[in-house]
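These are the residues of each chain, in order.
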Amino acid sequence: MKNDLLFLEHLRADLEQSKLLVHPALNRLNTWKLGGTALALLNAECEADICSTTENCLLNGVPWRVIGKGSNLLMPEFWPGILIRLGKNFRKLEIVDQDSSANFGAGVADATAAQKLSHKGWSGLEFLIGIPGTIGGAICMNAGAHGSQICDFLKSVDWLDERGNWRRSNREELNFAYRSSPFSTSKKTVVLMANFSLLSKSTREVRQKMLEFHNFRIEKQPQKHPNCGSVFRNPPNVIAAELIEASGLKGKTFGCMQISKVHSNFMVNLGGATFNDALKLIEFVKDKIWIDHKIELSTEVHTLT
C-alpha cells in the first residue's frame, strides 16, 4: 500500500491539468454497473497528462486502460491499474460545411455526435444514437448497427502510440474488421480525435432515420436493467441471439445476472450482480452453444484484465 501511495503521489505531481481519483468505484464507470474498485482513475484534460501517466505506468509495471463510458467493459472486483477517462477538453466538435465533414473529440458521446450531425442534415452516423459510448470507443470497437459501421465514414484518426507519440492515420492505413480495429488489438494506444466524411441529405430525412433507429432499440432491446449491449459477436452467417434462443437460454440466470427476456444476446444486471455472476453466465452460454450447435462464440464485450 505504501508503494502504491508513493506511485500515485508521483503521478499526481506530474499532472498539468488533469485530476487523479484514488480507488474509484468501478460500478459507476460502466453501463453494466459491475465491479469493485481500481487503483486510480485519471480524468484526463490534455495529451501531456496522458503521456506522463502512461509513461510512469510503463516504468513501474502498472497496467493502464482508456475506458470511455465503459459501455463494452466487464469490470472485476479489483483492478490494480490506472483507468483513463477523457475529460471535457476531448469532447470538442467541429462541423465543416464546405466538405460535409466533422471533427469529433474521442470523448464526445455517440448520441451527441448523431444529434449534432442531424442538425446539419448530414447522414451516415445515425446509428450512433442508441450506442451508450463515446466516439473513441466506437472507433476502437468499430461500432456498428443497422448495416453500417463507423469505419465506413471515417477519414482519419488522431491518436497516441505506445510511446506517447502523436499520430494521424488515414482510413486507408487502418485495418478495420467486424467489431475490431488496430486500436482494440493494441490496447496501449489512445484515440484522441476523428474526422468523418458524411452524406448531405435533408434534416428531416436524417432525423426520421435516427428516430427509427431509436425506436427499434426501445422495442427490441432491454431498457429497464443495466447492460453492456450485445455480449457475443455474431459468428459468420449466424446471429448469436438466435443460437442462444434456440438453446432455450432466454431468461437463464446466474446470481443476479440474467440473459435478457427481451433480447437473447443481452445480459442484464437484475440488481446486485457481481463480476463472477457475469463470467459464469458468459461461460455457461459458450459451453451450451458449443454442445448444441458446435459453434464457438466469442465475446464482443471486453474484460478488464
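See above for the structure.
Residues numbered from 1 in each chain as written. Predicted model: local features only at pLDDT ≥ 70, side-chain atom pairs only at ≥ 80, totals over all residues. Heavy atoms only, no water.

1. Section: the sheet that holds strand β2 (residues 37-44)
In step 1: If you walk across this open sheet you meet the four strands as β1-β2-β5-β3, and the pairing is mixed. Single-partner strands in this sheet number two, and they are β1 (19-22) and β3 (64-66). In this sheet, adjacent strand axes meet at a mean angle of 20° when their direction is disregarded.
In step 2: Here β3 runs beside strand β5 (residues 78-86); their pairing, made up of three bridges, is parallel. Considered in β5, the bridge of V66 is made with I84. (Pairing = 2+ DSSP bridges. Helix = DSSP H or I, 4+ residues; strand = E, 2+ residues; numbered from the N terminus. Axes fitted to C-alpha atoms, helices over the stretch in contact; angles between N-to-C directions.)

2. A look at the nonpolar core
In step 1: The biggest cluster of nonpolar side chains holds 53 residues, and the ones touching the most others in it are I82, L125, L128, I135, I139 and F196.
In step 2: When residues of this core are assigned to their parent elements, the largest contribution, five residues, is made by strand β13 (residues 190-197).
In step 3: Contacts of L125, omitting those with residues within four sequence positions, involve A114, L117, I150, F153, F196 and L198.
In step 4: L243, M267, A273 and V285 belong to the second-largest nonpolar core, a separate cluster that totals 22 residues. (Core = buried A, V, L, I, M, F, W, Y, C linked by side-chain atoms within 4.5 Å. Buried < 20%, exposed > 50% of the residue type's maximum accessible area, 1.4 Å probe, protein only. Contact = heavy atoms within 4.5 Å.)

3. Quick look at the sheet that holds strand β16 (residues 257-259)
In step 1: Reading across the sheet, the three strands line up as β15-β16-β17 and stay open at both edges, with antiparallel pairing between neighbours. Edge positions in the sheet fall to β15 (253-254) and β17 (267-269), since each has one partner strand and no second.
In step 2: As paired elements, β16 and β17 share three bridges and run antiparallel to each other. What sits directly across from I259, in β17, is M267.
In step 3: With respect to the sheet, helix α8 (residues 275-293) is in contact with β15, β16 and β17, its orientation differing from that of β16 by roughly 30°.

4. What about the pattern of salt bridges?
In step 1: Enumeration according to the criterion identifies seven salt bridges in this entry.
In step 2: D161 serves as the salt-bridge partner of R167, at 2.9 Å between the closest nitrogen and oxygen.
In step 3: K250 is the salt-bridge partner of E245, the closest N and O atoms lying 3.6 Å from each other.
In step 4: Overall, E245 belongs to the partly exposed group, its relative accessible area being 43%. (Salt bridge = Lys/Arg side-chain N within 4 Å of Asp/Glu carboxyl O.)

5. Points about the packing of aromatic side chains
In step 1: What the rule picks out here adds up to three aromatic pairs.
In step 2: For the pair W159 and F183, a centre-to-centre distance of 5.4 Å together with 70° between the ring planes defines the contact as edge-to-face. Here W159, found in strand β11 (residues 154-160), pairs with F183, found in helix α5 (residues 182-185); they are 24 residues apart in sequence, far enough to count as distant.
In step 3: On the basis of relative accessibility, which here comes to 5%, the residue F183 falls in the buried class. (Phe/Tyr/Trp six-rings, centres within 6.5 Å; stacked < 30°, edge-to-face > 60°.)

6. Digging into the state of the cysteines
In step 1: Applying the stated criterion across every chain, the model contains zero disulfides.
In step 2: Free of any disulfide, C228 has its nearest cysteine sulfur in C140, 16 Å distant.
In step 3: Overall, C228 belongs to the buried group, its relative accessible area being 5%. (Disulfide = S-S within 2.5 Å.)

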